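Close look at the chain arrangement
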Amino acid sequence: MRNILTFVNKIILGLALTVWPAAAQQIDRVELGHLATGATVSFVRAIGGEWGIEISGSAAPRLIQQKPVQIEIMQPGNKHNELAAGYKTIRTASAGIDAVAEIAFGDSVVFHIEDHWKLTGAVISLRRKIEVAGNAQGGFNSSVRLLVDPSVRWSDVNCLAPGALYGDPTCNGERSPGGTLNHAGRRFLMREDILPAPLFALSFNNGSSVSLFDPSPRCESTVEETRLVHDVMVDARFQFGALGACQEDTNSIELGFQFPGATNLYPFGPDASAQPRWIRRFHPMARGVAHNYEVCFRFGIDESFRDLTRNAWRWAWSVLNPAITPIDVEQMRRVLTDHLAAQAATIDGRTAIPFAVAVFDTNQLQWNWTMAAMGFVSKNIECADQLLREGDRDTTLRGQKMRRIGLNIISSMIRALSTIPLQATGYDLATGKPWTGERQEWLAPWLRNATEDMRVLLRAYRREKSLGREHPEWFNWIKAYTDWLILQQREDGSFPRRWKPGSNEVEEPTGTTSYSPVPLLVMMSEETGDGKYKQSAIRAADYIWDNYGVRGLYIGGASDNPNICDKEAGMLSIEAFLSLYDSTREPKWLERAKAAADFTETWIWIWNLPMPVDADDAQLHWKKGVPTVGVQGITARVAGSVDEYLDWSVPSFAKLYLYTRDPHYLDVARVLLHDTKSMVALPGRQYDMKGIGWQQEGWRMGPGGRGRGIGGHRFWLPWVSANHLYGITGLEELDPDLYRQLAEGD
């Protein structure tokens, strides 16, 4: 049994401190304190005399690290060295424990490490500072890693990385950061610049968990570095870390943080290698280099994976405290509707919003400009609905013109897609017939695309009817489709993802998007008084919950990424569950809506990522100094790429607030209302767009491609304006008073 002896207080620099050098034989364990979970955090002296750290004594597996300081050295010629040390001395004070270590590299460099450990509630925090004495060629990085009790196997843990990994790697694709190749290699390494919050967590089978978090991310980098031009780079300007977990051979699982952060990538492509490309970053071994960071470990007990996702995320939110950058909401509404109306095109009496339009100054039309589609990224009927809404608000010639455009878009779509089963979910505006050019699958009879815009049309039908305007052709078209659709539902409650054109024959059988038709079916029951539609909705929603929601993830929202975990799947699941709660008032649907919302909000960036320090702002798509709070990851397959799709869910989170009175949901709604429109071109803030109202579809924040702050293309798609506008108009429709409150930034 280790012998714990009393110690003598000493007064040093005016603070009451107790110092234990590594050579002191009379003490071999010093407590930092007790976590809220019941675990004890101790510094333990090893046989060699140096101090390590141990967290033990609760339901969570024991975590240890005998050598809390790890330094990796890279020398010219890719000579690689790994150094590690325990603390030479530790000293206690009222604020925690200060620990000091020293590591020599050759005869020319010594690393002086000062760590400060603190315990608050269920959280341990580490603040590290490393000073370099001497100079040498090459570079270094440092790490802190905790080792999980060796009885815990890789297969015993589920990992969480917001926007990248939610337990099941098979839903992330093979080559993604959270994908199956990395899982098979027993490693997940996430650079901070691909994550909505710099957070990584382990969930254990017994309901305990540990989360690793950077509470003060800086993430500075350079253009060349973010383009991944070189596998190995040394630069003092690199201020980003990497979080993750790994298990080498039969060793313990390690949970850790590295600074600057390394990562591994699996290239995409038909002939791509099955071996990872390693990207390593270092600071120079030179006197005066700033090398410091802070990380926190949060410990949980009695948490399901869904609980961990919610609790760890809200912890990160409370620490990062994402700032609101207020917009003039009414100005934004007018700019966006004027811009949307201006994009409408009419050919031979048919009117639609083109599929894609360049945001830069060019007279050249995009190759698929005449694609006119429903739902997902084209949302022609939802665009029409926004123009109808504005027409009701504005009785001048401007509003009358918008109303005409909206009505013409709807009638054109119904004429082009008049037969059921649908031939497609869009058409060629140039011909009024099915699209015969490239990418015909984009306009295929997708479940999501059809039901998404038909739900909008049924809502518009209700509103118009309440104003004395009858549109029986709208209702008949929707009902014909829903009557066909419920016959396609399978015994387990799911619907196929898509069908072959004009056929009952299934093209994609997976049921991952079965959340999509639920709100439409609920509304159809309300309109007809026939309960069969709602029963179909219930079966579909139960399928989604039983197969995905209960596990804390949602799949397949992006039609072009089948069976991939993404935010749109969560967004649409919130709507599905809320629609059933509104209809039935059964508490389980509200609980499920909350669970879907807790997943979905973890895709929202709640910190500001700086653009490369040496970037030319004229070449960046996301401009320097523009806050990144509010953008969202897209799918787990492309972690680090972002758009603003989720601002469509402002009304959803506002409704959850009204139902639960949980102020956090109101905070989310506020972020989505204001912080998602930072790159919309406005008067006096046009950026490099060709006019007011433009915004490109997305951007890259993580490394790779053409680098941080550059998008994959520079085109506007109709969903951009439709979603921005519905975040405004849907909130106002839900609760005018709450709309005014949030619009004013309160």
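Every value quoted in this text rests on a predicted model; they were computed, and no experiment measured them.

A word on the pairing of strand β14 (residues 157-161)
Here β14 lies mainly inside the structure; four of its five residues are buried. Where β14 and strand β17 (residues 199-204) come together, four bridges link them in antiparallel fashion. From the neighbouring strand, N158 faces β17, where its bridge partner is S203. With two bridges connecting them, β14 and strand β15 (residues 165-166) associate as antiparallel partners. If you follow A161 over to β15, its bridge partner there is L165. The turn joining β14 and β15, which pair antiparallel and follow one another in sequence, is formed by three residues; a positive phi near 75° is taken by G163.

Let's talk about the environment of Q65
With respect to the helices and strands, the residue Q65 is situated in strand β6 (residues 63-65). With a relative accessible area of 9%, Q65 lands in the buried category. Remark: the alpha-carbon pair of Q65 and W474, spanning 409 residues in sequence, is separated by 66 Å. Residues in contact with Q65, not counting those within four places in the same chain, are G52, I53, Q70, R145, L146 and L147. A distance of 2.9 Å separates the side chain of Q65 from the backbone nitrogen of K67, its partner in a polar contact.

Re the pattern of salt bridges
One pass over the full model with this rule turns up 61 salt bridges. In this structure, the salt-bridge partner of R333 is E330, at a minimum N-O distance of 2.9 Å. Of the two residues, R333 and E330 are both situated in helix α4 (residues 329-343); the distance of three residues between them amounts to about one turn of the helix. According to the relative accessible area criterion, R333 is buried, its value standing at 1%. Look at E330 and you get partly exposed, because its relative accessible area is 34%. For D338, the salt bridge is made with R334, and the minimal N-O distance between the two is 4.0 Å. Within this pair, D338 and its partner R334 are both found in helix α4, separated by four residues, close to a single helical turn. You can call D338 partly exposed: its relative accessible area is 32%. We classify R334 as partly exposed; its relative accessible area is 44%. One salt-bridge network, held together by shared partners, links E330, R333, R334, D338, E390, R393, D394, R398 and E732.

Conventions adopted
- Along each chain, numbering runs from 1 in the same order as the chain's sequence is written.
- Under the rules for a predicted model, residues below a pLDDT of 70 receive no local features and side-chain atom pairs below 80 are neither given nor counted, while totals for whole chains, interfaces and linings still include all residues.
- Side-chain figures throughout are based on the complete set of non-hydrogen atoms in the structure, without hydrogens or water.
- Relative accessibility thresholds used throughout: buried, under 20% of the residue-type maximum; exposed, over 50%; partly exposed, between the two (1.4 Å probe, protein chains only).
- A helix here means a DSSP run of H or I that spans at least four residues, while a strand means a run of E at least two residues long, and both kinds are numbered starting from the N terminus.
- Criterion used throughout: strands pair if DSSP finds at least two bridges between them.
- The contact rule is simple, with two residues in contact once any of their heavy atoms fall within 4.5 Å.
- Polar contact criterion, stated in full: a pair of N or O atoms within 3.5 Å, where within protein one must be able to donate a hydrogen and the other to accept it, and residues adjacent in sequence count only if both atoms are side-chain atoms.
- Salt bridges are counted wherever a side-chain nitrogen of Lys or Arg sits within 4 Å of a carboxyl oxygen of Asp or Glu.

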